[in-house]
Amino acid sequence: MSVPDESEPTGAPPLLAPVDGVPAVLDTAAEVAAAAALLAAGTGPLAVDAERASGFRYSARAYLIQLRRKGAGTFLIDPIPVADALEPLADAINDLEWVLHSADQDLPGLAELGLRPERLFDTELGGRLAGFERVGLAAMVENLLGHALRKGHGAADWSTRPLPAEWLNYAALDVELLLELRDAVAADLAAQGKTDWAAQEFEHVRTTEPPAPKADRWRRTSGIHNLRRTRQLAVVRELWTTRDALARARDVAPARILPDAAIIAAVTADPKTIAQLRALPVFGGPRQRRYSREWLAAIDRGRTMPDSELPPLTQPFDGPPPVNRWERRDPAAAARLSRARTAMGELSTAHKIPVENLLSPDLVRRLCWDGLPDYDRIPDSPDDLAAAIDGFLKSGGARPWQRELAVPHLTAALTPEPAE
């Protein structure tokens, strides 16, 4: 799995190996073409998973693809040597319904290879909508199918070659019961009348492009909150940008080039020479010494940068300010948000759906802060207010089922109390 499942199933018989054994890894164009033909001849949906190397590599590319379809069996494909030979596979599987667990994690990397589903069923998201408390793959397989999946390699470095046999066994098991899990989740959703809601959510996941990287990602450097001067932030930004460029060029996770703690230590110590830099923790290590000149140049750029180019001490808001400041800045908005959150919480309980799946919390905050043109002149007609809220939610990407549920409750929550 792309996201390790930390839940530990208990009381169910463990599934130790695929029923048909662990298939060989396919890494030639001929093998991929043969697998594509077998998959095309299969029936029903296609179970899909991909293994990445998060924490080890800079990219989010897939380093192993697992596929399983009724009548065809399971296939493990190494996409690295055959990245230019996947067209037969795409032709065979792209018009199928894909079944993934936490699909948004794997779809971008698969799309880079030309693999894009025509239809999608996400068992993790389906589990959330069905009201399951534990939605990790192992937990859901145990809960719905009565088998225990032994986890343990989801956070491994899947760029390793050759891949250990134990890892391949784990990877094959991730799709072994995924089709059966899909049917069980679908039955539960149907029994609750949530099939259409789930279909809308799956289509949203399938068609939504990954968000563009934020401009100020360097502000997420761990420990940056301890810095109090804009000049220090400039040095953090220069070191972070240098590290990111090196990491991208080498396809290595940035923290493996230089940990955040070392960046903060360098900013605090403010070294002026390579010798002073190398005296700091980490910078004297063999991996970092080769980049000593780059690190020191980054520090110098931040130290000598014109005042007009220094970053602001706090990140400019894109949208409402932090909620803990609302009461002071706009008590009326804080009161609106409190009422809206109560309404959404009640709706969440009534339908057994996590509140964040009912409606994006950020969208609710934006609605309550300044989402309507003039909160001092909210339309007297509840229908007008409902239409205004519905229009705002729609423009923010809320799906029809979400708006159908949320708009009446938010209308009631945001309707002003009659003046006495």
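Conventions adopted
- Residues numbered from 1 in each chain as written.
- Predicted model: local features only at pLDDT ≥ 70, side-chain atom pairs only at ≥ 80, totals over all residues.
- Heavy atoms only, no water.
- Patch = residues over 30% accessible without salt bridge, like charges linked within 9 Å, V, L, I, M, F, W, Y side chains within 5 Å.
- Areas by Shrake-Rupley, 256 points an atom, 1.4 Å probe, with all protein chains shown as cover.
- Salt bridge = Lys/Arg side-chain N within 4 Å of Asp/Glu carboxyl O.
- Lys, Arg positive; Asp, Glu negative; His and termini not counted.
- Charge placed at Lys NZ, Arg CZ, Asp CG, Glu CD.
- Helix = DSSP H or I, 4+ residues; strand = E, 2+ residues; numbered from the N terminus.
- Domains from an automatic or database assignment.
- Contact = heavy atoms within 4.5 Å.
- Buried area = accessible area lost by both parts, 1.4 Å probe.
- Polar contact = N/O pair within 3.5 Å; in protein donor to acceptor, adjacent residues only side chain to side chain.
- Nonpolar A, V, L, I, M, F, W, Y, C, P; charged D, E, K, R; others polar.
- Pairing = 2+ DSSP bridges.
- 1 Å grid on protein atoms, 1.4 Å probe; cavity = no way out; pocket = protein on both sides within 12 Å on 5 of 7 lines; lining within 4 Å.
- Points joined across faces, edges and corners; volume = space filled by probe spheres on them.
- Core = buried A, V, L, I, M, F, W, Y, C linked by side-chain atoms within 4.5 Å.
- Buried < 20%, exposed > 50% of the residue type's maximum accessible area, 1.4 Å probe, protein only.

Moving on, we come to a negative patch on the surface. Together, E87, D91, D95 and E118 make up a region of like negative charge exposed at the surface. Along the chain, the position of E87 falls in helix α2 (residues 87-93).

What follows concerns the domain arrangement of the chain. Quite often, the size of an interface is put as the accessible area lost when its parts meet. Domain boundaries in the chain define domain 1 (25-207), domain 2 (217-309) and domain 3 (323-414). Placing a centre on the C-alpha atoms of domain 1 and another on those of domain 2 gives a separation of 38 Å. The partner domain 2 presents ten residues to the seven residues of domain 1 that form the contact. Interface of domain 1 and domain 2: buried area, both sides summed, is about 650 Å²; carbon and sulfur atoms make up 43% of it. The three residues of domain 1 that bury the most area against domain 2 are F56, R57 and Y58, which together make up 82% of that side's buried surface. Our count for the domain 1 to domain 2 interface comes out at zero salt bridges. Counting across the interface, domain 1 meets domain 2 through eight residue pairs in polar contact (both at pLDDT 80 or more). Looking at the side of domain 1 that touches domain 2 residue by residue, the classes come out as three nonpolar, two polar and two charged.

We now examine the sheet that holds strand β2 (residues 25-26). The six strands are arranged β2-β5-β4-β3-β6-β7 in an open sheet whose pairing can be described as mixed. With one partner strand each, in any of the chains shown, β2 and β7 (119-122) form the two edges of the open sheet. Pairing between strand β3 (residues 43-51) and strand β4 (residues 64-70): seven bridges, direction antiparallel. Paired with V48 across the strands is L67, a residue of β4.

This next bit is on the layout of surface pockets. Regions of empty space are outlined by a rolling probe, equal in size to a water molecule, passed over the atoms. Size it by volume and the largest pocket reaches roughly 1600 Å³. Taken together, 39 residues line the largest pocket, and the ones lying closest to its centre are A60, P108, P210, P211 and P213. For the lining of the largest pocket, the secondary-structure elements that each account for two or more residues are α3 (103-111), α8 (195-207), α9 (230-250) and α10 (254-257). A per-element tally of the lining of the largest pocket places α3 first, with five residues. Broken down by class, the residue content of the lining of the largest pocket amounts to 17 nonpolar, eight polar and 14 charged.

Another aspect to go through is the nonpolar core. Ranked by size, the top nonpolar core spans 84 residues in total, and within it L89, I93 and W98 carry the most contacts. Setting aside residues up to four positions removed in sequence, W98 forms contacts with L46, V48, I93, L107, L110, L115, R116, P117, R119, L120 and F121. With 26 residues, the next largest nonpolar core counts L233, L239, L277 and L296 among its residues.

On the surface, R250, R256, R287 and R290 cluster together into a positively charged patch. Along the chain, R256 turns up in helix α10.

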